[in-house]
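Each chain, letter by letter, is given below.
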Amino acid sequence: MKNGVMMQYFEWNLPNDGNLWKQLKDDAKHLHEIGITAVWIPPAYKADEQQDEGYATYDLYDLGEFEQNNTVRTKYGTKQELKEMIEELHRYKISVYLDTVMNHKSEGDYTEKFMVKEVDPKDRTKELGDAFEIQGWTGYQFKGRSGKYSGFKWHWYHFSGVGFDDAKKRSGVFKIMGENKDWSSGVDDENGNYDFLLGNDIDLNHPEVIKELNSWGLWVSEELNLDGMRLDAIKHMKDQFVKQFVETIRAKRGKDFYAVGEYWSGDRKKLENYLEVVDNTVDLFDVPLHYNLWEASQKGKDYDMQTLFDNALFISHPEEAVTFVDNHDSQAGSSLESQIQDWFKPLAYGLILLMKDGYPCLFYGDYYKIKDKESPHRLIIDIILKARCQYAYGEQTNYFDHPCTVGFVRMGDKEHADSGLAFLISNDEDGDKKMNVGKDRKGETWIDITGSIEQTVVIDENGDGLFLVKGRNLSIWAKG
């Protein structure tokens, strides 16, 4: 994955027109040309309704093939269109990662009665009374599929909790009672135990469930010829289930089958602990870095840029951190809203796309559009992506020695002619910084390839250059 770039090819507000798979197929050549090497696609299976983004999962085996929940296609298209899209991406050497939702299912085909105990939503280890019977939408028949690919039928005992009592039309957090029933261990300790997130919470301790999900993971990765998965909501899932799930797929698909987990926490220690307990079987999104970027965009000149990388996962785990600026969870209007302000977004993308460490992920909404609003950042992101392909190689030296103007140098390597760059950002006034690009660059003339600064820089006999950056902007310097 040397200098690879992942792209998250969706955002929350895509239209329910069934065109995403066709659009992505048509976009494959362009994505290859700008340096995208992998695409993270949204949940591709049948949800509770056609317009759902895919996270309210209904049938994991229905990839837009069967008449279920009043539709054949998903929000994004049909199974045939999905497979054709993946084949086209593969022609351009672009890997495909499926968004995989195994924490919960949405309401089923029919209700069942079972015993529960209600728990405190803010402390799920605290029971609020004795066990009682409720009615939940936990029965799944998948009549439209008629047992094709899997004959497994879900029932109440395959779940550990539900969020709604249909008999009394009442919401809550209801822990299901029964033999070997409890919340999973190996989950985040927020709210006492954060196993339950929403809907019908899948019991990842149940042997039938583990077998079925493993079978599905193998089936879908083979059926679609996937290169990897993005694992949704893993802070709510038993960590050892996640570990064995990924290992099961790699045993069949090969050790290079990629996996990145969404563990949404700004606490680096929690992420590091998770990586340790799952033996680094998955990468993790660098949420702490995202929050640093968000805070920097909020505070402007009052943010100390020297602290921009503090607590970031890529500092301690450069090979396991997926760096990102924004995604569907952080964008405006989402449950974890923390959208980076527009003025800072180019600076943030310059950082994650040009620095040595981390596996950068570009967000569809930042490159294309959110709803009908075109992104203002596409041109500068194209420039940064081109700089990554041409110049962002070799060791990195950081110059985080000023509260407003910081940057780094990439020294380049022998495999890429004239590679190496100097990168600067400022959150206040125009700035400059003396940075060393190597004595072997003596006498070279460097230019700012963003076009922001017209002056050139001549590298002196020591390999130093005085590089400039405009206020609240970025500059990328390379040999002219």
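Up top is the structure these notes are about.
Report on the accompanying structure. These numbers come from a predicted model, not from an experiment.

**What to know about the side chain of T323**
On the secondary structure map, T323 appears in strand β16 (residues 321-324). A relative accessible area of 0% means that T323 is categorised as buried.

**A closer look at the packing of aromatic side chains**
The tally for this structure, following the rule as stated, stands at 36 aromatic pairs. The interplanar angle of 55° and the centroid separation of 6.0 Å between the aromatic rings of W264 and F324 together place this pair among those described as tilted. Pair noted here: W264 is in the loop between β14 (258-261) and α5 (268-277) and F324 is in strand β16, with a separation of 60 residues, a long-range link. Take F324: its relative accessible area is 1%, and that puts it in the buried class. A centroid spacing of 6.4 Å and a plane angle of 75° characterise the contact between Y291 and W294, whose relative ring orientation is edge-to-face. Of this pair, Y291 and W294 both sit in helix α6 (residues 287-299), 3 residues apart, which is roughly one turn of the helix. Here Y291 falls in the partly exposed class, since its relative accessible area comes to 27%. Taking the relative accessible area as the measure of exposure, W294 reaches 29% and is therefore partly exposed. If you follow R472 out to its NZ or CZ, it ends over the ring of W343, 3.9 Å from the centre.

**Considerations on empty space enclosed by the protein**
Under the defined criterion, the tally for this structure stands at 2 cavities of 30 Å³ or more. Approximately 70 Å³ is the volume attributed to the largest cavity. Taken together, Y58, D59, L60, Y61, K105, F142, R145, F152, W154, E212, L213 and W216 form the lining of the largest cavity. Elements supplying a minimum of two residues to the lining of the largest cavity: β4 (57-59) and α3 (207-223). Looking at the lining of the largest cavity, its residues break down into 8 nonpolar, no polar and 4 charged. Roughly 40 Å³ of internal volume is contained in the second largest cavity. In this structure, the second largest cavity is lined by P43, Y45, A47, E49, Q50, D52, E53, G54, T74, K75 and Y76. In terms of residue class, the lining of the second largest cavity is made up of 4 nonpolar, 3 polar and 4 charged.

**Comments concerning the layout of surface pockets**
Its volume calculated, the second largest pocket comes out at about 470 Å³. Along the wall of the second largest pocket there are 20 residues; nearest its centre are L197, L198, E262, D329 and S335. A class-by-class count of the residues in the lining of the second largest pocket yields 9 nonpolar, 5 polar and 6 charged.

**Notes on the state of the cysteines**
Tallied over the full model, the rule gives 0 disulfides. Free of any disulfide, C361 has its nearest neighbouring cysteine sulfur in C389, separated by 16 Å.

Rules used in this analysis
Residues numbered from 1 in each chain as written. Predicted model: local features only at pLDDT ≥ 70, side-chain atom pairs only at ≥ 80, totals over all residues. Heavy atoms only, no water. Helix = DSSP H or I, 4+ residues; strand = E, 2+ residues; numbered from the N terminus. Buried < 20%, exposed > 50% of the residue type's maximum accessible area, 1.4 Å probe, protein only. Phe/Tyr/Trp six-rings, centres within 6.5 Å; stacked < 30°, edge-to-face > 60°. Lys NZ or Arg CZ within 6 Å of the ring centre and 35° of its normal. 1 Å grid on protein atoms, 1.4 Å probe; cavity = no way out; pocket = protein on both sides within 12 Å on 5 of 7 lines; lining within 4 Å. Points joined across faces, edges and corners; volume = space filled by probe spheres on them. Nonpolar A, V, L, I, M, F, W, Y, C, P; charged D, E, K, R; others polar. Disulfide = S-S within 2.5 Å.

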